[in-house]
Number of protein chains: 2
Amino acid sequence: MIDYGRFMIEFRANAYVWTQVRDELRQRILGGTYRPGQVVPSETTLVQEFGVARNTIRKAIAALREEGLIMTVPHLGSFVSERPAPGPSDPEG
Amino acid sequence: MIDYGRFMIEFRANAYVWTQVRDELRQRILGGTYRPGQVVPSETTLVQEFGVARNTIRKAIAALREEGLIMTVPHLGSFVSERPAPGPSDPEG
DNA sequence: ACCCATTTGTGCGTATGTATA
DNA sequence: TTATACATACGCACAAATGGG
């Protein structure tokens, strides 16, 4: 899923790590892996799972928050919105 | 460079705050300031003493724990391991 | 049983430094 | 110069467990 190796970055110039994380998390939300009302795994957990920096995770989370897919409560976590709007077809910042 | 056997102390290697805290605490353990079985000062105490963030203290503690120098018991504290106790003078006990 | 302070565990928010493309 | 990414660092807040009254 994550290809942060220099090579893949070269081949897919627009496939930034944070967008890949964002897309994967979006898939999990829309696919039901993360259900409405439930908490999204913590930043630390996602850092360990994806093997990327915390800032990268935070950037992906922020994007999903702006999409309305999740809501972040400080010191508690990010929660899947009850009626998640379908994600945009990859605006790509 | 000083070789303590299984513990390699590296001076000048890094200037990071957390490594400096780690090195200082390691010195206190190996030097007998913190003796085996005794509890290491709490994170809050170390925060006040070193004047750094708690996360930084925790990072140093975690490093020493991975080295086997200390063992952490949740809600109680971190305790100096029995094994690595080459106290130079063994004062009063 | 209760309260309360202590302590570690956890988590988010923010800022900075470094490296790379 | 800018954007991406990682690591470090500080701050703050809350949870959970321990232990002493």
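What comes next concerns the included structure. Small disclaimer: the values here were computed from a predicted structure and weren't measured.

Looking only at helices and strands, chain A has 4 helices and 2 strands in total. Each helix (α) and strand (β) of chain A, taken in turn from the N terminus, gives the series α-α-α-α-β-β. Taken over 93 residues, chain A has a buried fraction of 32%. A sequence separation of at least 24 residues applies to 53% of the contacts in chain A between residues at least 6 apart.

Close to DNA strand D lie 20 residues, the nearest being Val 17 and Thr 56 of chain A together with Val 17, Trp 18 and Thr 56 of chain B. A breakdown of the atoms of DNA strand D within 4 Å of the protein gives sugar and phosphate a share of 74%. Asn 55 of chain A places a side-chain nitrogen or oxygen 2.7 Å from a base nitrogen of DNA strand D. The separation between a phosphate oxygen of DNA strand D and a polar main-chain atom of Val 17 of chain B is 2.2 Å. Mapped onto the surface near DNA strand D, the elements with two or more residues apiece are helix H2 (17-31) and helix H4 (54-67) of chain A together with helix H1 (17-31) and helix H3 (54-67) of chain B. The greatest single-element share of the surface near DNA strand D, amounting to 4 residues, is contributed by H3 of chain B. Classifying every residue of the surface near DNA strand D gives 11 nonpolar, 6 polar and 3 charged.

This next bit is on the pattern of salt bridges. Residue and element names in this part refer to chain A. Overall, the coordinates contain 14 salt bridges over all chains when judged by the stated rule. Notably, a salt bridge pairs Arg 28 with Glu 24, separated by 2.9 Å at the nearest N-O pair. With Arg 28 and Glu 24 both in helix H2 and 4 residues apart, this pair spans about one turn of that helix. Under the relative-accessibility criterion, Glu 24 is labelled partly exposed at 23%. Of the charged contacts in the structure, one is a salt bridge between Arg 58 and Glu 43, with a shortest N-O distance of 2.7 Å. Of this pair, Arg 58 sits in helix H4 while Glu 43 sits in helix H3 (residues 43-50); the two residues are 15 residues apart in sequence, bridging distant segments of the chain.

Rules and cut-offs
- Residues numbered from 1 in each chain as written.
- Chains lettered and ligands numbered in written order.
- Predicted model: local features only at pLDDT ≥ 70, side-chain atom pairs only at ≥ 80, totals over all residues.
- Heavy atoms only, no water.
- Helix = DSSP H or I, 4+ residues; strand = E, 2+ residues; numbered from the N terminus.
- Buried < 20%, exposed > 50% of the residue type's maximum accessible area, 1.4 Å probe, protein only.
- Contact = heavy atoms within 4.5 Å.
- Near = heavy atom within 4 Å.
- Polar contact = N/O pair within 3.5 Å; in protein donor to acceptor, adjacent residues only side chain to side chain.
- Nonpolar A, V, L, I, M, F, W, Y, C, P; charged D, E, K, R; others polar.
- Salt bridge = Lys/Arg side-chain N within 4 Å of Asp/Glu carboxyl O.

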